[in-house]
Amino acid sequence: TQVLRQSLQKGLVLSTGSFLVYEAHKLIFGFAEVHASFKVEEVLEQADYLYGSGETEKLYRLLVQHKNSDDAELLWRLARASRDLAQLSSTSAEEKKQLTYDSLEYAKKALEKNESNSAAHKWYGICLSDVGDYEGIKTKIGNAIVIKEHFQRAIELNPKDATTIHLIGIWCYSFAEMPWYQRKIAATLFATPPTSTFQEALRYFHMAEEADPNFYSKNLLFLGKTYLKLNNKKMALLWLSKAKEYPAQTEEDKQVQKEALELLNSI
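This structure is a prediction, so every number in the text was calculated from the model and none was measured.

(A) Focus on the nonpolar core. If you look at the biggest cluster of nonpolar residues, it comprises 72 residues, and the most contacted ones within it are Leu59, Leu63 and Phe205. Not counting residues within four places of it along the chain, the set of residues in contact with leucine 59 comprises Ala47, Leu50, Tyr51 and Ala81.

(B) A look at the packing of aromatic side chains. Tallying each qualifying case throughout the model produces 7 aromatic pairs. Aromatic side chains tryptophan 171 and phenylalanine 175 sit 4.4 Å apart centroid to centroid with 35° between the ring planes, which places their arrangement in the tilted category. Highlighted residues: tryptophan 171 and phenylalanine 175, both in helix α10 (residues 162-176), separated by 4 residues, approximately one helical turn. For the ring pair tyrosine 173 and phenylalanine 198, a centre distance of 5.3 Å and an interplane angle of 65° mean the geometry is edge-to-face. A residue pair is termed long-range when its members are at least 10 positions apart, and tyrosine 173 in helix α10 and phenylalanine 198 in helix α12 (residues 198-211) qualify at 25 residues. Clustering of aromatic rings is evident, with ring pairs tying together Tyr173, Phe198, Phe205 and Phe222. Above the plane of the ring of tyrosine 204 lies arginine 203, whose end atom (NZ or CZ) is 4.8 Å from the centre. Its end group placed over the ring of phenylalanine 222, lysine 225 keeps NZ or CZ at 4.5 Å from the ring centre.

(C) Examining the packing of helix α9 (residues 144-157) against α10 more closely. At a minimum axis distance of 9 Å, the contact between α9 and α10 shows a crossing angle of 155°. One finds that α9 runs roughly antiparallel with respect to α10. Seen along the crossing, α9 lies across α10 with a hand that is left-handed. Where α9 approaches α10, its residues Ala144, Ile147, Lys148, Phe151, Gln152, Ala154 and Ile155 are matched on the opposing element by Thr164, Ile165, Leu167, Ile168, Trp171 and Phe175. For the contact of α9 with α10, the residue count by class is 10 nonpolar, 2 polar and 1 charged.

(D) Quick look at α12. Between its first and last C-alpha, α12 extends 20 Å over 14 residues, near the 20 Å set by a 1.5 Å rise per residue. Buried residues of α12: Phe198, Ala201, Leu202, Tyr204, Phe205, Ala208 and Glu209, and no others. For α12, the angular spread of the buried residues around the axis is 165°, confining them to a single face. Across α12 from its buried face, at more than 90 degrees, point the exposed residues Gln199 and Glu210. If you follow the buried residues of α12, they end up packed against α10, α13 (217-229) and α14 (233-245).

(E) Expanded view of the pattern of salt bridges. A full pass over the atoms with the stated rule returns 11 salt bridges. With its nearest N and O atoms 3.8 Å apart, the salt bridge here joins lysine 218 to glutamate 252. You can see lysine 218 sitting in helix α13 and its partner glutamate 252 sitting in helix α15 (residues 251-266), a full 34 residues away along the chain. Taking the relative accessible area as the measure of exposure, glutamate 252 reaches 23% and is therefore partly exposed. We note a salt bridge from lysine 225 to glutamate 259, for which the minimum N-O separation is 2.9 Å. Here glutamate 259 lies in helix α15 and lysine 225 lies in helix α13, a separation of 34 residues in the sequence. Under the relative-accessibility criterion, lysine 225 is labelled buried at 17%.

(F) The arrangement of the packing of α12 against α13 in detail. The interhelical angle for the contact between α12 and α13, taken along N-to-C directions, is 150°, at an axis separation of 10 Å. Taken as axis vectors, α12 and α13 run roughly antiparallel relative to one another. When the axes of α12 and α13 are compared, the crossing they make is left-handed. Facing α12, whose interface residues are Phe198, Leu202, Phe205, His206, Ala208 and Glu209, α13 presents Asn219, Leu220, Phe222, Leu223, Thr226, Tyr227 and Lys229. By residue class, the composition of the contact of α12 with α13 is 8 nonpolar, 3 polar and 2 charged.

What counts, and at which threshold
Residues numbered from 1 in each chain as written. Predicted model: local features only at pLDDT ≥ 70, side-chain atom pairs only at ≥ 80, totals over all residues. Heavy atoms only, no water. Core = buried A, V, L, I, M, F, W, Y, C linked by side-chain atoms within 4.5 Å. Buried < 20%, exposed > 50% of the residue type's maximum accessible area, 1.4 Å probe, protein only. Contact = heavy atoms within 4.5 Å. Phe/Tyr/Trp six-rings, centres within 6.5 Å; stacked < 30°, edge-to-face > 60°. Helix = DSSP H or I, 4+ residues; strand = E, 2+ residues; numbered from the N terminus. Lys NZ or Arg CZ within 6 Å of the ring centre and 35° of its normal. Axes fitted to C-alpha atoms, helices over the stretch in contact; angles between N-to-C directions. Parallel < 35°, antiparallel > 145°, perpendicular 65-115°, else oblique. Left-handed = near helix turned anticlockwise from the far one by under 90°. Nonpolar A, V, L, I, M, F, W, Y, C, P; charged D, E, K, R; others polar. Expected span 1.5 Å × (residues − 1). Arc of directions from axis to C-beta. Salt bridge = Lys/Arg side-chain N within 4 Å of Asp/Glu carboxyl O.

Written as structure tokens, this is what we have:
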């Protein structure tokens, strides 16, 4: 379905029947070395089904069993699932912090297992940024160049990944609106501090939309927000309206709808 396709692109239930099928495969093939790769494929198939269905907790429980795996495809999915679980409003602050650090470790391990895995680079960049929220603005800015490098490497490996293109847009937007005191911190960390503009951010948001139209509510929102920064109210209204009308499948989509509506009312 369209929703499932979009969900898999962002990556932003295990039904009784499919769970039984999965368990049956474990019983039949679990102890046979020759079937090891088939078992990984089976887990990946179940994981992608759960992700597309929005079953974050069940997905995490499935994948965390494989945290010691040497398979990069399993590990980056576990990093994503750990982060998604941390983002849920039902997750406690203590659990959120632990999951955030765990997700970075899983993404780092995925990269160690396969440096040529585009998704591993993407999720390493995302998770490294999240950890910065706990370690202060100096660390967050200090990691900024590394984060962008991983996003750029992810795009080199998968040029059509709209989500990663969007993330570079977010990176540019963040530096374009960085307050003066953070710029002073950046100047102490880098000989040439990283900078960007809203025009550059806008270019990436449009590139993401061209790669996969209407793939992500947040990309629509940031197109609207960036046009507002550039004082183009006509285009801002267009994209914010699209964000407000985007079908809400996740908590993040609902937050996007709320912010889009607030911005529309303020114009």
